[in-house]
Every structure is written in C-alpha cells, then in structure tokens.
Amino acid sequence: MKRLFVFTFLIALIGVGTISASSKTTKSSTVYLKSSNVELKWIAKKVTGEHNGTIQLKSGSMKYVGKIPVSGVFVVDMKSIKDIDLQDKASNEKLIGHLSSDDFFAIEKYPTATFKFFSVQKLAGNQYLFKGKLTIKDITKDYSVKATVSNNNTLAKGQLQIDRTAFNIRYGSGKFFSSLGDKVIRDIFTVDFKVELK
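Bear in mind the structure is a predicted one, so any value in this text is a computation, not a measurement. (Residues numbered from 1 in each chain as written. Predicted model: local features only at pLDDT ≥ 70, side-chain atom pairs only at ≥ 80, totals over all residues. Heavy atoms only, no water.)

### Thoughts on the overall build of the chain
To be explicit about the condition: Per the convention used, a helix needs a DSSP run of H or I reaching at least four residues, while a strand needs a run of E reaching at least two, with both numbered from the N terminus. The rule is simple: take the accessible area with a 1.4 Å probe, protein chains only, and divide by the maximum for that residue type; under 20% is buried, over 50% is exposed, in between is partly exposed. Contacts are assigned to residue pairs with any non-hydrogen atoms lying within 4.5 Å of each other. The Shrake-Rupley method, run with a 1.4 Å probe, gives the accessible areas here. Residue values count only the displayed protein chains as cover.
Scanning the chain from terminus to terminus reveals 1 helix and 10 strands. For the chain, the sequential pattern of α-helices and β-strands runs β-β-β-β-β-α-β-β-β-β-β. The 198 residues of the chain split such that 41% are buried. Sequence separation of at least 24 residues holds for 63% of the intrachain contacts in the chain that already meet a minimum separation of 6. On the chain, roughly 10,900 Å² of surface is accessible, and the fraction owed to carbon and sulfur atoms is 50%.

### Digging into the nonpolar core
Here is the rule: The nonpolar core is taken to be a set of buried Ala, Val, Leu, Ile, Met, Phe, Trp, Tyr and Cys residues, with the residues joined through side-chain atoms within 4.5 Å.
Counting residues in each nonpolar core, the largest one holds 39 residues, and the members touching the most others are Phe105, Ile136 and Ile162. Those residues in contact with Ile162 that sit more than four places away from it in its chain are Leu134, Ile136, Tyr143, Phe167, Asp187, Ile188 and Phe189.

### Considerations on the pattern of salt bridges
To keep it simple, the criterion reads: One side-chain nitrogen of Lys or Arg within 4 Å of one carboxyl oxygen of Asp or Glu is enough to make a salt bridge.
Counted by the stated rule, this structure contains 4 salt bridges. As a salt-bridge pair, Lys133 and Asp142 come within 2.3 Å of each other at their nearest N and O atoms. According to the relative accessible area criterion, Asp142 is exposed, its value standing at 60%. The partner of Asp187 in a salt bridge is Arg164, with the nearest N and O atoms 3.7 Å apart. Taken together, the residues Asp187 in the loop between β9 (155-163) and β10 (188-196) and Arg164 in the loop between β9 and β10 connect sequence positions 23 residues apart. Each member of the pair Asp187 and Arg164 is classed as buried.

This is the structure in structure tokens:
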C-alpha cells in the first residue's frame, strides 16, 4: 500500500518515546511525497477581521528506518498562496499582491518555505511530535509540530502556529509599531493541515 504524507505525517507503528535519524537498523528507505491527498489552509487575523486561504506543497521526502520515519524535508510553494474569503477579484488580487511583497513573504526572492524534521516523539494517545527546523525568507528557527492520527491510522490532522515576526515579517505588528490602532495585524498566523493516507 502506497503511503502519501505531507508537512506533517502519519505515524502508525511508533512504540517508543523519541526516535531520531541516528536510530540504528540494517534497513532504511526514502519515501517521496505527493500532494494529492493534502489540505493546507492558512488563517491570518487582524483587529478588524481575518483572511483565509490555501497553499500547496511543492515537494517532500521522508526517510524511514524500518517502518518508522526518522527524518524528512517538506517544501511549500509560496507562489501558490491563495485567498478564499475575498470574492471581489480586485480586492483578492490586492491582498495576494501584498502578501507576496517585501512587506510580508517577498515571494519573488523567497519562493519556498521549508520544514525539516530530525526526530519524532510519541505523546499521549494518538499524538506525535516532530522536531526540526522551519525556514521562511531564508531565516531558520527551531520548530516542533504535532500530528493527531485517527481513522485507523489513515488520517493526520494538526495546526502550525507561526510567529511571523521571528522571520522578519513585521508589517502591521503591534510589537514593533505603535499607534496602529485597529490596523494591527496579529503576529501569529496558522496553517491547518489534513493528510490522508492511501
């Protein structure tokens, strides 16, 4: 049965506390990921409301030791970002243009964002924690993300919570600019993910 994963991943057979890329075994393999069963939805909030949309995976791979993933690299195509709440075409294009600009993600200069994980920790119940590095705009920070496995180990759901200011995205941040009033944009944006295993 072919396994498809993204961004964060399904773990069905992990029975130990922490597993890293240094785990010793005689057999290893690499799975290259597809995006057909992936759903990534972002939400960005401001004082007066919020915007939401989608973004796509560009590529990804995950290394296994036996049946256990021990490391992985996942690349998001920043140029694929879309807004779905603004129905007016001009307003929609204006927002995406602003998000693509140097005020936010500078997409022409930094067309991808990357998450690399190096260890996996089993949490309570059917939750797992992936520890690694998140890179946005060529700035890399330590980052961990949880995945909850359900539906007989065929579905993983979770949420990334990202502080944009850690990646030098300061536009409209009350942390850096005073007197913004109701124009403040929240520093934390989220990406909800759902990954189905086929």
